[in-house]
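# Examination of the molecular architecture
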Amino acid sequence: MTAPVEEVRSIAPATLVLGAGGTRRRAVLAGLSPHSKEYARWTREQAFACLDLILHHGVRHVISPVLVHSHENETTPGYSDQLLKWVQWAMLMDGAGDEYARRGWRVRLIGAESWPELKETAAQVRTMTAGNPGPTVWFSVVSQVDAHWEKMLRLAREHGAATREELVRLVYGEDVPPATLYIGTGKPQIAQSVVPPLLVGKLECYWRQHLGYDLDERTLRTILYDYAYVRCITQADKSGRAEQVLAYETAWENPPVVGMGMRLGPFWYPAPCEAPSMHKRPIS
């Protein structure tokens with residue numbers, strides 16, 4: 001919690017996927033209508049502050065889904081009609097170029113094959129930020145997964161890509177390290193419209209229950225510590241490792257199922273897990 005940011009940067013993943021469901025609920029809690037222009041402006045500010053925090057801690061590539069598969073079938077009156085306008089405005093609003101340059105961000109909009117109306121926006125924002133030194137924010141609008149797969153397969157056929165790395169360069173225009181950390185929200189689930197299949201590495205997953213782009217520094221550092229140290233349990237030589245389970249035998253007598261939840265009205269919320277008994281017994 002108190003380490004210099006340089007120390008945190010040394011263990012941060014190169015590529016992180018950020019899921020941010022619940023932006024409308026978060027806006028309502030802030031007293032804003034989720035159908036208003038103020039909602040779009042406020043959410044953009046929240047998103048940029050969240051991305052600033054993550055990139056400040058050493059991540060070089062953040063994949064941030066904006067439009068996902070669920071947006072394809074949404075019938076909320078007036079909401080779907082505004083989505084494309086909001087995305088275009090968020091990417092290219094007056095002064096966006098100066099804002100990206102001040103932050104040093106290279107910005108990409110990927111998945112425009114799902115929304116042809118956004119192809120020009122994708123081209124403009126790439127050109128606008130081409131000279132910035134990085135890191136890179138990959139805003140994603142992959143709502144039609146089949147269309148994304150068709151693009152990848154077509155490029156592989158046309159260019160004879162033989163490796164994942166070659167195909168990544170064809171699809172994304174540059175080398176992108178595999179994502180090794182996913183910070184989602186809400187239900188423990190992963191969708192192809194959120195996590196690009198071509199960029200999946202050994203993905204350590206965390207589902208915070210903050211709504212939208214709420215992410216404070218303490219929560220981020222706690223996740224990064226768990227990611228780098230608590231989950232680092234792999235041993236090349238596992239001699240005697242399995243037998244150590246006996247020291248914590250009671251922890252596996254009635255273990256929880258991670259992912260179980262409860263309903264809060266129309267919303268899902270995780271069920272609490274009791275801490276396991278830490279009673280140890282000697283290992284003979």
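Conventions used here
Residues numbered from 1 in each chain as written. Predicted model: local features only at pLDDT ≥ 70, side-chain atom pairs only at ≥ 80, totals over all residues. Heavy atoms only, no water. Helix = DSSP H or I, 4+ residues; strand = E, 2+ residues; numbered from the N terminus. Buried < 20%, exposed > 50% of the residue type's maximum accessible area, 1.4 Å probe, protein only. Contact = heavy atoms within 4.5 Å. Areas by Shrake-Rupley, 256 points an atom, 1.4 Å probe, with all protein chains shown as cover. Lys, Arg positive; Asp, Glu negative; His and termini not counted. Charge placed at Lys NZ, Arg CZ, Asp CG, Glu CD. Patch = residues over 30% accessible without salt bridge, like charges linked within 9 Å, V, L, I, M, F, W, Y side chains within 5 Å. Salt bridge = Lys/Arg side-chain N within 4 Å of Asp/Glu carboxyl O. Core = buried A, V, L, I, M, F, W, Y, C linked by side-chain atoms within 4.5 Å.

### Observations concerning the overall build of the chain
Summing up its helical and strand segments, the chain has nine helices and eight strands in all. Here the chain, with 284 residues, has 42% of them falling under the buried criterion. Considering only intrachain contacts with a sequence separation of at least 6, the fraction spanning at least 24 residues in the chain is 72%. Accessible area for the chain stands at about 15,800 Å²; split by element, carbon and sulfur atoms hold 54% of it. Put simply, the chain has 31 plus and 31 minus side-chain charges, and the middle of one group is 1 Å from the middle of the other.

### What to know about a nonpolar patch on the surface
On the surface, a nonpolar cluster with roughly 360 Å² of combined accessible area is contributed by Met-262, Leu-264, Phe-267 and Tyr-269. Of all the elements in the fold, those that place two or more residues in the nonpolar patch are strand E7 (261-264) and strand E8 (267-270). Relative to the elements of secondary structure, Phe-267 occurs in strand E8. When its relative accessible area of 38% is taken as the criterion, Phe-267 is described as partly exposed.

### Points about the nonpolar core
Ranked by size, the top nonpolar core spans 48 residues in total, and within it Leu-18 and Ile-54 carry the most contacts. With ten residues, the top contributor of residues to this core is helix H3 (residues 37-56). Apart from the residues within four sequence positions on either side, Leu-18 is in contact with Cys-50, Leu-51, Ile-54, Val-62, Ile-63, Ser-64, Pro-65, Ile-183, Arg-208 and Tyr-213.

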